[in-house]
Amino acid sequence: MNEVQYDDTGKINLNGIYNMPDPVAYFSTLSGLDYQIPQLARPLFDRIIGARRETSGEQQLRMIDLGCSYGVNAALLKHGLSMADLFRLYDEGAGREDLLDRDRTVFDAPADPCLEIVGLDTAEQAVGYAVAAGALDAGIAANLERRDPTPDEAALVEGADLVISTGCFGYATDVSLRRLLEASGDSRPWMAHFVLRMFAFDEAREMLAGHGYVTEKVDGLHPQRRFASDDERIHVLDNLARLGIDPTGAEAEGWYVAELYVARPQEDERSLALDRIVGVH
Ligand SMILES: C[S@@+](CC[C@H](N)C(=O)[O-])C[C@H]1O[C@@H](n2cnc3c(N)ncnc32)[C@H](O)[C@@H]1O
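Residues numbered from 1 in each chain as written. Predicted model: local features only at pLDDT ≥ 70, side-chain atom pairs only at ≥ 80, totals over all residues.

Novice: Hey, could you run me through the overall build of the protein in this one?
Specialist: Scanning the protein from terminus to terminus reveals 13 helices and eight strands. Rg of the C-alpha trace for the protein: 18 Å, near the compact-globule value of 19 Å for 281 residues, within the 12% margin. Projected onto the principal axes, the alpha-carbon positions of the protein cover approximately 50 × 50 × 35 Å. Across the protein, contacts joining residues at least 24 apart in sequence account for 80% of those joining residues at least 6 apart. (Helix = DSSP H or I, 4+ residues; strand = E, 2+ residues; numbered from the N terminus. Rg over C-alpha atoms; globule rule 2.2 N^0.38 Å. Contact = placed C-beta atoms within 7 Å.)

This is the structure:
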């Protein structure tokens, strides 16, 4: 890894694998770093999806996955695959068309057909692949940090019940969350975001409060991936020290560590305690 580049936050720059014609570079690189946050997030997202369904009284649920990449969370939550399955499926390059032919079969009988997933990512080719393969029901290739959604994009977000993300907050911020919330109309989607500890969620919490939401942080630390190099580790530990976060037993073990933030409209937060949903205290 001689030519590794770092972004402003000290993370290695992975832009080169985010927007390729097929998912092979993405999964083979992240498999080498033991990327696992979607797998660890899955049981918690499952519970939140279940609770949102109970609250609405409807099985049909529209979910927005912010930073969906090649439809990773959709593959797990809607199609019942695991990260190990995805690492196996994309361990070598057969070429985009052959992979797509195979993946249309992989994704043609969803385990949870009532879960409608709209993926949003700046990586146009990743979103395009996930939609063509059938992992996602629909996709939006946009950077909502920079602009409002177009009317067509907003129509896909309208009526959303839930907005989730893994590995994306920091790239996308409260600005994207606000635009998604505004585009959702009257549906008052719940939010569930896995956020690296080096990224503050304060501005998002404030923005959400302005829309009548309560944000809660779920107890528990979730290892996201291993550091790619000693330099990355040093950069990140420096960042954490600046923020006054003690990395002992967490990042100091060599992993990025994420926490789950759940935001719900006040009325939902009052009527159903988060502990009862996620089962931790
Ligand atoms: C580490 S990957 C995580 C992908 C997927 N959620 C997962 O957990 O496997 C980060 C993703 O965020 C996307 N991204 C970066 N900036 C973004 C933005 N402003 N809005 C939406 N997605 C963004 C990248 O293109 C990439 O697909």
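Following the structure, the description resumes.
Novice: Please explain the site of the ligand as it appears in this structure.
Specialist: Taken together, 22 residues surround the ligand, and among them Gly 67, Ser 69, Val 72, Gly 167 and Tyr 171 come closest. Where the shell around the ligand is concerned, the elements lending two or more residues are α3 (37–56), α4 (72–77) and β2 (115–121). The class makeup of the residues in the shell around the ligand is 12 nonpolar, eight polar and two charged. (Near = placed C-beta within 6 Å. Nonpolar A, V, L, I, M, F, W, Y, C, P; charged D, E, K, R; others polar.)

Novice: Looking at this structure, I do not really get the nonpolar core. What am I missing?
Specialist: Across soluble globular proteins, you tend to see nonpolar side chains buried next to one another. Formed by 78 residues in total, the largest nonpolar core has its most connected members in Ile 48, Ile 64, Ala 130, Leu 162, Leu 180, Ala 192 and Val 262. With eight residues, the single largest contributor to this core is strand β8 (residues 255–265). Excluding residues within four positions of it along the chain, Ile 64 makes contact with Val 118, Leu 120, Val 157, Ala 160, Val 163 and Leu 180. (Core = buried A, V, L, I, M, F, W, Y, C linked by C-beta atoms within 7 Å. Buried ≥ 20, exposed ≤ 12 C-beta atoms within 10 Å, placed from the backbone.)

Novice: What should I look at first to understand the environment of Ile 164 in this one?
Specialist: Positionally, Ile 164 belongs in strand β4 (residues 162–166). For Ile 164, a count of 28 C-beta atoms within 10 Å gives the class buried. Placed 92 residues apart in sequence, Ile 164 and Val 72 show a C-alpha to C-alpha distance of 12 Å. When residues no more than four places from it in sequence are discounted, the contact partners of Ile 164 are Phe 45, Met 63, Asp 65, Asn 73, Ala 192 and His 193.

Novice: Teacher, can you tell me more about the packing of helix α9 (residues 174–183) against helix α10 (residues 202–210) here?
Specialist: If you want to describe how two helices pack, look at the angle between their axes and the distance between the axes. Between α9 and α10, the least distance of the axes is 9 Å, while the angle of their chain directions is 25°. The orientation of α9 relative to α10 falls into the category roughly parallel. Like other packed secondary-structure pairs, α9 and α10 cross with a definite hand, here right-handed. Of the residues in α10, those in contact with Asp 174, Leu 177 and Arg 178 of α9 are Glu 203, Ala 204 and Met 207. The residue inventory of the contact of α9 with α10, partitioned by class, reads three nonpolar, no polar and three charged. (Axes fitted to C-alpha atoms, helices over the stretch in contact; angles between N-to-C directions. Parallel < 35°, antiparallel > 145°, perpendicular 65-115°, else oblique. Left-handed = near helix turned anticlockwise from the far one by under 90°.)

Novice: I'm lost on the pairing of strand β3 (residues 138–141) in this one. Help?
Specialist: Regular strands place side chains that alternate from one sheet face to the opposite one. Sheet topology places β2 next to β3; four bridges connect them, and they run parallel. Pairing of Gly 119 across the sheet is with Gly 139, part of β3. Since β2 and β3 lie parallel, the crossover through helix α7 (residues 124–133) that links them has a hand, and here it is right-handed. (Pairing = 2+ DSSP bridges. Right-handed = clockwise from strand over helix to strand, strands pointing away.)

Novice: Would you take a moment to explain α3 for this structure?
Specialist: Given 3.6 residues per turn, any residue in an α-helix points the same way as the ones three and four places further on. Relative to the 28 Å expected for 20 residues at 1.5 Å per residue, α3 spans 28 Å between its end C-alpha atoms, a close match to the ideal helical length. The sharpest bend along α3 comes to roughly 35°, located at Pro 43. Looking at α3, one finds that the buried residues are Ile 37, Pro 38, Ala 41, Leu 44, Phe 45, Ile 48, Ile 49, Ala 51 and Arg 52. Of the residues one or two after α3, Gly 57 is the one with positive phi, at around 75°. (Expected span 1.5 Å × (residues − 1). Bend = angle between axes of the 7 residues up to and from the residue.)

Novice: Hey, could you run me through helix α2 (residues 24–32) in this one?
Specialist: Taken as a whole, α2 has its buried residues at Val 24, Tyr 26, Phe 27 and Leu 30. Viewed end-on, α2 has its buried residues packed into an arc of 165°, placing them on one side of the element. Among the structural elements, α1 (15–18), α5 (83–89) and β7 (222–226) are those in contact with the buried residues of α2. Of the residues flanking the end of α2, it is Asp 34, one or two places downstream, whose phi is positive at about 55°. (Arc of directions from axis to C-beta.)

Novice: Teacher, can you tell me more about unusual backbone geometry here?
Specialist: Most of the time, phi is negative for any residue but glycine, and the peptide bond is trans. Not every positive phi belongs to a glycine, and Ser 69 is a case in point at roughly 55°. Locating Ser 69 in the fold gives a position in the loop between β1 (61–66) and α4. Non-glycine residue Arg 188 carries a positive phi angle of around 50°. Along the chain, Arg 188 turns up in the loop between α9 and β5 (190–196).

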